[in-house]
Amino acid sequence: MDLDGSILPTTSQNAAEDVADRAVDDAFSHSAEDVVRRLEVVVERGLTTEEVYRRRKRYGPNRLREAKTKSVWIILVDQFRSLIVLFLAAAMMVSLVTADFLEALAIGAVILINGLIGFFSELQAVRSMEALRKLGSVPATVRREGKVTSIPADGLVPGDVVLLEGGDVVTADLRLTEASKLQSNEAALTGESVPVDKHIDRLDGETPLPERANMVYKGTAVTRGAGTGVVVATGMATELGTISALVDESFDTGQTPLEKRLDRLGSNLIWLTLLVTAIVGVTGILASRDIIVVLKTSIALAVAAIPEGLPIVATLALARGMWRMTKRNALVNRLASVETLGATDVICVDKTGTLTEGQMAVRAIVTTDGEVGVTGGAFSVEGEFERDGKRFDPAGDPVLTSILEVGVLCNDASWVPADGQKMVGDPVEVALLVAGGKAGIERESLLARTPEAREVAFDPDVKMMATFHATNGKFRVAVKGAPEAILAACTTIRTSREHQPFDEPKKGAWLERNRTLASGGLRILAVAESTVADVDSTPYEGLCFLGFVGLVDPPRSDVRNAITKCLDAGIRVVMLTGDQVPTARYVGREVGLFTGAKEVVREGRELELSESLDETEQQRILRATTFARVTPKQKLDLVELYQRHGHIVAMTGDGVNDAPALNQADIGIAMGKRGTQVAREAADMILRDDAFATIVEAVKEGRVIFGNIRTFIRYLISCNVSEILVILVASVASAPLPLLPLQILFLNLVTDVFPALALGLGEGDANVMQESPRDPKEPLLTRDHWLSILGYGTFIAISVLGALALGLEYLGLNEAEAVTVSFLTLAMAQLWHVFNMRTPGSGLLRNAIVTNPFVWGALVLCIGLLVAAVYMPGLNVVLSTRMPGTKGWALALGMSLAPLAGGQLFLSLHRGKAGRSHSYDADAE
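From a predicted model like this one, the values you see are computed outputs, not experimental measurements.

J.: Quick question: what am I supposed to make of the packing of aromatic side chains here?
T.: Here the structure, examined in full by the defined rule, presents 7 aromatic pairs. Taking 6.4 Å as the distance between ring centres and 10 degrees as the angle between the ring planes, the aromatic pair formed by Tyr 871 and Trp 889 counts as stacked. A residue pair is termed long-range when its members are at least 10 positions apart, and Tyr 871 in helix H30 (residues 853-871) and Trp 889 in helix H32 (residues 885-909) qualify at 18 residues. An aromatic cluster of at least three residues, connected via ring pairs, comprises Phe 502, Trp 510, Phe 545 and Phe 548.

This is the structure:
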């Protein structure tokens, strides 16, 4: 059985070969005119149709090298690659050699059923990934032959002239030739969450990627302004493609822990079977038994030893877990990844968009009268203003109203309140629009009263922006910017009653207030205004200071509760962010990452030195729950550090730069809404809602799945051990075989599989998230499990052999009838044995087994099938069963209840292990 439904990359080219096709190397270090000349294009006209065709033939389509998905045939063939399946195939061949065609047909049916179940489950996962990938197609606006037109992005070629405006997704690497207040969000490529202001000036040849302000790159987004650029690289030659190629080269499709455990278990069972078969064979030969009889006994042992239902039930249990997770917005592209999530003990999670809403929101407004809090989501006008813990109406405060108006007027963003998440522009400016909307101040109505007459764009040198608005024959100047710049330009300060002189001591006090607010994790924006007579007046002189606006990317409403669940489950949650330490500390405090008195935040640069540190220092790093100023390389370093210390690590990411860490992690988790194609391809799971709470639900599902798998494996193997012991003892004693090969196969496929499947589909222990993660080195079945399996198997075998002996000696049944009684005894004992799978110490009548409706359905179905095995014409011939009579049924029923009674007595007397640690102290030293 192969549970791997992963998506495999192609390896036709390496990264270096792809980059060689870049049309202009280091375009940022050349002037715009030089780049245009090299590309032989006139910006005002663009390329001709003939030239586009020629260049497309040379450079190829503007597409990343898509991951090559498994074909239908490969998915199907992979289902039959396991030791258990191969061993069953060998048993089938022996049956054919001995002319037992019914046995061969039955064993072949087992193999086929397992393969088809796994095939359709994994095919669904792969096709879901393909559908998700297709969502990434976007158009591009280009100028060709003097006309502006929209074309599919994959049609771009080097030299194309692309027109950009706010809200556009950049579809190739462009050297800018024009830029008007242009700003782009490059988080997907560089990890920096703050939008980058763009210009067209030439840069030094050593300028690092995040500082190349005259370039825009494939996969990034224009947040505001407009511009024109010429394509210098397409497809795999782009910066995005370079990283994608590197990820492809390191792509790992290794087995998950569950797959390794199941393969190990299958191998052990096969060796055990060969050993027992050898013993029986030698015994039979020494006893001069017929060789055909010896072969039939060997086949019976092989069928008895191998839990034929294991591949089927494991695949179905994992598939159901995958389907349940899909309903919870988690798309898994490898079945076995469901279980790996359950073993996770460390979750490294991005702050922006996963723990937070991914959008700035105004949280505080500070005036001379004090601080006003702002509540509500980042995308909704629903919210309140609070002062001193009480609800506050901003309309009653003229200074607060002016601050909100300036924030709305001095703004280039757009936002539609009716569709909260439909927005274009700088996240800070969107937040100002939302804050104004909470107070009933809308940009359109405000502009209708005070039309905009002039805008002075934000200047990185002066760190301010201003707009002029006509009002009563004069002009209101609305200004926002960095606190130190605004304070320096102000001469007065507005209070609720008057304008007062703003001297240096007062400015110093406000600068200190700025530092205090910033240390609490807020991003501070200063707001000022003035009234001038001339629209051409200097905007940054004689300003009146209004106050500060504090913004933050607010935590998602469900995050704190989800993190609490993780800590209760013993899972370490580690927040990674590119933001500064104060911001990281603020968010960590808000989402509940700091469980003790300490609020330790480490910086990413410490991770680069991790290999050279001693064990004590490495442990100090490992105990940290928050890392600030983290680069993509440092994320990879952290994942590797945890793995070196034996942890199972889940890692979230959305950008191309996150792909190496996603690939390295035991479980890579990509964002479905804002994640890049490369991140999705590198991940094992995709969050459709980008929510951390979804990860927690997936971890819970993984734990339930592993617990269910462990339970039904114990059930199946204990049933099989009983069958082995029955055949082995009878063979050594030269007694009639209590079970025939087809009867064993019938039990393993029917009366074993359905109860096992019911165990695999159970809801699991209600307290599963109150236990610490299991030790990743812990085997699938522990020593205690094997002892219980041997005990249960022995008890069932004694009951079956006892029923056979009683049927022959005391009821006077012939051999065929006695074998039927032993067959029925074993079948019913195995059915009742399902109730022995309850947790030790749990209630006799209230436990996960008794309350599982699938168990009762399986019992009813299997009892009906047992009756059919005895009384249905044709089936009773195939199984060689006889009607045992009332006494025979009574004997089988009575003997089958003995293992149940013994098992329940043992479970009631044996108290379960004390629950492991129910919480995790992240700050423990």
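After that view, the rundown keeps rolling.
J.: I tried to follow the pattern of salt bridges on my own but got confused; where do I start?
T.: Side chains carrying opposite charge are able to pair once their charged atoms draw close together. The tally for this structure, following the rule as stated, stands at 26 salt bridges. With its nearest N and O atoms 2.5 Å apart, the salt bridge here joins Lys 198 to Glu 186. Of this pair, Lys 198 sits in the loop between strand E5 (196-197) and strand E6 (215-216) while Glu 186 sits in the loop between strand E4 (173-185) and helix H7 (187-190); the two residues are 12 residues apart in sequence, bridging distant segments of the chain. Judged by its relative accessible area of 8%, Lys 198 is buried. Of the charged contacts, one joins Glu 512 and Arg 515 as a salt bridge, the two residues approaching to 2.8 Å between their closest N and O atoms. Of this pair, Glu 512 and Arg 515 both sit in helix H18 (residues 504-519), 3 residues apart, which is roughly one turn of the helix. Classification of Glu 512 by relative accessible area gives partly exposed; the value is 42%. Overlapping salt bridges bring together Glu 405, Arg 476, Arg 494 and Glu 529 as one network.

J.: It is not clear to me how the environment of Ala 172 should be interpreted in this structure. Could you clarify?
T.: For Ala 172, the location among the structural elements is in the loop between strand E3 (161-165) and E4. The exposure class assigned to Ala 172 is buried, which follows from its relative accessible area of 1%. C-alpha separation for the pair Ala 172 and Ala 233, spaced 61 residues apart in sequence, amounts to 6.4 Å. Not counting residues within four places of it along the chain, the set of residues in contact with Ala 172 comprises Asn 62, Leu 156, Val 216, Tyr 217, Lys 218, Val 231, Ala 233 and Thr 234.

J.: Looking at this model, I keep getting lost on the pairing of strand E27 (residues 667-671). Mind explaining?
T.: The two faces of a sheet get side chains in turn, since along a regular strand they alternate between them. Most of E27 is tucked away: 5 of the 5 residues are buried. Burial along E27 is two-sided: the face carrying Ile 667, Ile 669 and Met 671 and the face carrying Gly 668 and Ala 670 are both buried. Looking at chain direction, strand E26 (residues 649-653) and E27 are connected through 4 bridges and run parallel. By the bridge assignment for E27, Met 651 is matched with Gly 668. Here 3 bridges tie E27 to strand E28 (residues 685-687), and the two strands are oriented parallel to one another. Bridged to Ile 669 within E28 is Met 685.

J.: I tried to follow the state of the cysteines on my own but got confused; where do I start?
T.: Disulfides are covalent bonds that connect the sulfur atoms of two cysteines. Within the structure shown, the criterion is met by 0 disulfides. The thiol of Cys 490 is not disulfide-bonded; the next cysteine sulfur, from Cys 544, is found 7.0 Å away. By relative accessible area, which is 2% here, Cys 490 ends up buried.

J.: So what exactly am I meant to see when it comes to helix H19 (residues 559-568) here?
T.: Looking at H19, one finds that the buried residues are Val 559, Ala 562, Ile 563, Cys 566 and Leu 567. Projection of H19 onto a plane perpendicular to its axis shows the buried side chains occupying an angular sector of 140 degrees, all on one side. Summarising the contacts, the buried residues of H19 are in contact with strand E9 (346-350), helix H13 (351-355), strand E23 (572-576), helix H20 (581-591) and helix H25 (692-732). One or two residues past the end of H19 sits Gly 570, with phi positive at roughly 75 degrees.

J.: Can you help me understand the confidence of the model for the chain in this one?
T.: As a note on interpretation, predicted positions should not be read in detail where pLDDT is low. In this model, the chain carries a mean pLDDT of 82, and residues with pLDDT of at least 70 account for 82%. Ignoring residues within four places in sequence, the model shows residues 1-20, a span with pLDDT below 50, making 71 contacts including any to other chains. Under a pLDDT of 50 for its full length, residues 912-925 has, in the predicted model, 37 contacts with residues more than four places off or in other chains.

J.: Can you walk me through the side chain of Asp 426 in this structure?
T.: With respect to the helices and strands, Asp 426 occurs in the loop between strand E15 (423-424) and helix H15 (427-438). Polar side-chain contacts of Asp 426 include one of 3.4 Å to the side chain of Gln 183. Non-local contacts of Asp 426, meaning those with residues more than four positions away in its chain, are made with Gln 183, Pro 195, Thr 223 and Ala 413.

Definitions and limits used
Residues numbered from 1 in each chain as written. Predicted model: local features only at pLDDT ≥ 70, side-chain atom pairs only at ≥ 80, totals over all residues. Heavy atoms only, no water. Phe/Tyr/Trp six-rings, centres within 6.5 Å; stacked < 30°, edge-to-face > 60°. Helix = DSSP H or I, 4+ residues; strand = E, 2+ residues; numbered from the N terminus. Salt bridge = Lys/Arg side-chain N within 4 Å of Asp/Glu carboxyl O. Buried < 20%, exposed > 50% of the residue type's maximum accessible area, 1.4 Å probe, protein only. Contact = heavy atoms within 4.5 Å. Pairing = 2+ DSSP bridges. Disulfide = S-S within 2.5 Å. Arc of directions from axis to C-beta. pLDDT = per-residue confidence, 0-100. Polar contact = N/O pair within 3.5 Å; in protein donor to acceptor, adjacent residues only side chain to side chain.

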